[in-house]
Amino acid sequence: TREGYGLRGALCILFLMNESPFLRDITWDSLVELREQTPSRDTAEMVYKVANVLYNLKLLNRRFEPTKRGPNPALTTGVPANWVELAVTWRDKSTLTEKVRESNYRQLLIMGRGMSKLYPKVTHPAQWTAEIVQDAIVAIMSMKVGDYAGVLKHVNPEKVGKELEAATKASFIGALKRFFIDLQ
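Residues numbered from 1 in each chain as written. Predicted model: local features only at pLDDT ≥ 70, side-chain atom pairs only at ≥ 80, totals over all residues. Heavy atoms only, no water.

Each helix and strand counted, the protein has 8 helices and 0 strands in total. Its helices and strands taken in sequence order, the protein reads α-α-α-α-α-α-α-α from the N to the C terminus. When contacts within the protein are restricted to residue pairs at least 6 apart in sequence, long-range pairs at least 24 apart make up 58% of them. Carbon and sulfur atoms form 55% of the exposed surface of the protein, whose accessible area is close to 11300 Å². (Helix = DSSP H or I, 4+ residues; strand = E, 2+ residues; numbered from the N terminus. Contact = heavy atoms within 4.5 Å. Areas by Shrake-Rupley, 256 points an atom, 1.4 Å probe, with all protein chains shown as cover.)

See the structure below:
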């Protein structure tokens, strides 16, 4: 796979794709192809940066647009649309680091999915009451690995069904806390 290569890796892949070790030989089509085919957000971001450098060096005649990230259907299945919309907005506007933002975003989707099973008519954070928050904390404290996950692709199969570690529980609670504070 092409995951996690950073700038050096993105450049190496582009040089191989274009069969040349020169920046001037990197084509628009190879940039688009790598960005669309890579499963790594980091590599896609590096492609964007490389493209902008090439544009500034006058090696490309047009700017590359940043990757637009909408909700991933594999992650948002079973999550109320209002919740997804606010979670995406929160993720895109949060000042937390990318890694923390993405982790919190996924946790928010998991909580949105889980709470929608307990409270099917509650589809928006504004509908949450003290009772629902209390039930969310109880749900987090009793969650097992894989509970409410839309996709188990990134979950270690040996851990599925085991109790969440204390740090993970604290992270879920922290994500909910940040989300609700930032929404105010």
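Read on for the rest.
The next subject is the packing of helix α5 (residues 81–93) against helix α6 (residues 98–118). Contact pair α5 / α6: the axes reach a minimum separation of 10 Å and the direction vectors enclose 170 degrees. Comparing their axes, α6 and α5 come out roughly antiparallel. Here α5 contributes W83, V84, A87, V88, W90 and R91 to the contact with α6, which in turn contributes R101, E102, N104, Y105, L108, L109 and G112. Class assignment for the residues of the contact of α5 with α6 results in 8 nonpolar, 2 polar and 3 charged. (Axes fitted to C-alpha atoms, helices over the stretch in contact; angles between N-to-C directions. Parallel < 35°, antiparallel > 145°, perpendicular 65-115°, else oblique. Nonpolar A, V, L, I, M, F, W, Y, C, P; charged D, E, K, R; others polar.)

So, about the packing of aromatic side chains. A complete count under the given rule lists 6 aromatic pairs for this structure. Each ring, one from W83 and one from W128, has its centre 5.4 Å from the other, and the planes form 20 degrees; the classification is stacked. Highlighted residues: W83 in helix α5 and W128 in the loop between α6 and α7 (130–142), separated in sequence by 45 residues. Side by side, W83 and W128 carry an identical accessibility label, which is buried. One aromatic cluster in this structure is built from W83, W90, W128, F179 and F180. A cation sits over an aromatic face here: R91 above Y105, 4.4 Å from the ring centre. (Phe/Tyr/Trp six-rings, centres within 6.5 Å; stacked < 30°, edge-to-face > 60°. Buried < 20%, exposed > 50% of the residue type's maximum accessible area, 1.4 Å probe, protein only. Lys NZ or Arg CZ within 6 Å of the ring centre and 35° of its normal.)

Mapped onto the secondary structure, Q184 falls in the segment after α8 (166–183). Considering only alpha carbons, one finds Q184 and A126, 58 residues apart in sequence, at a separation of 9.7 Å.

Okay, the side chain of K169 next. Position of K169 among the secondary structure elements: in helix α8. Residues contacting K169, with those up to four places away along its chain left out, are I140, M141, E163 and L164.

Mapped onto the secondary structure, Q107 falls in helix α6. Its relative accessible area of 7% is what places Q107 among the buried residues. A polar contact is formed between the side chain of Q107 and the side chain of S171, at a distance of 2.9 Å. Apart from residues no more than four positions distant in its own chain, Q107 is found in contact with T168, S171, F172 and A175. (Polar contact = N/O pair within 3.5 Å; in protein donor to acceptor, adjacent residues only side chain to side chain.)

A few words on a nonpolar patch on the surface. There is a patch of nonpolar side chains on the surface, built from L23, V53, L57 and L59 and spanning about 310 Å² of accessible area. Topologically, L57 is positioned in the loop between α3 (41–56) and α4 (73–76). (Patch = residues over 30% accessible without salt bridge, like charges linked within 9 Å, V, L, I, M, F, W, Y side chains within 5 Å. Salt bridge = Lys/Arg side-chain N within 4 Å of Asp/Glu carboxyl O.)

Read these as spatial facts, not as claims about activity.
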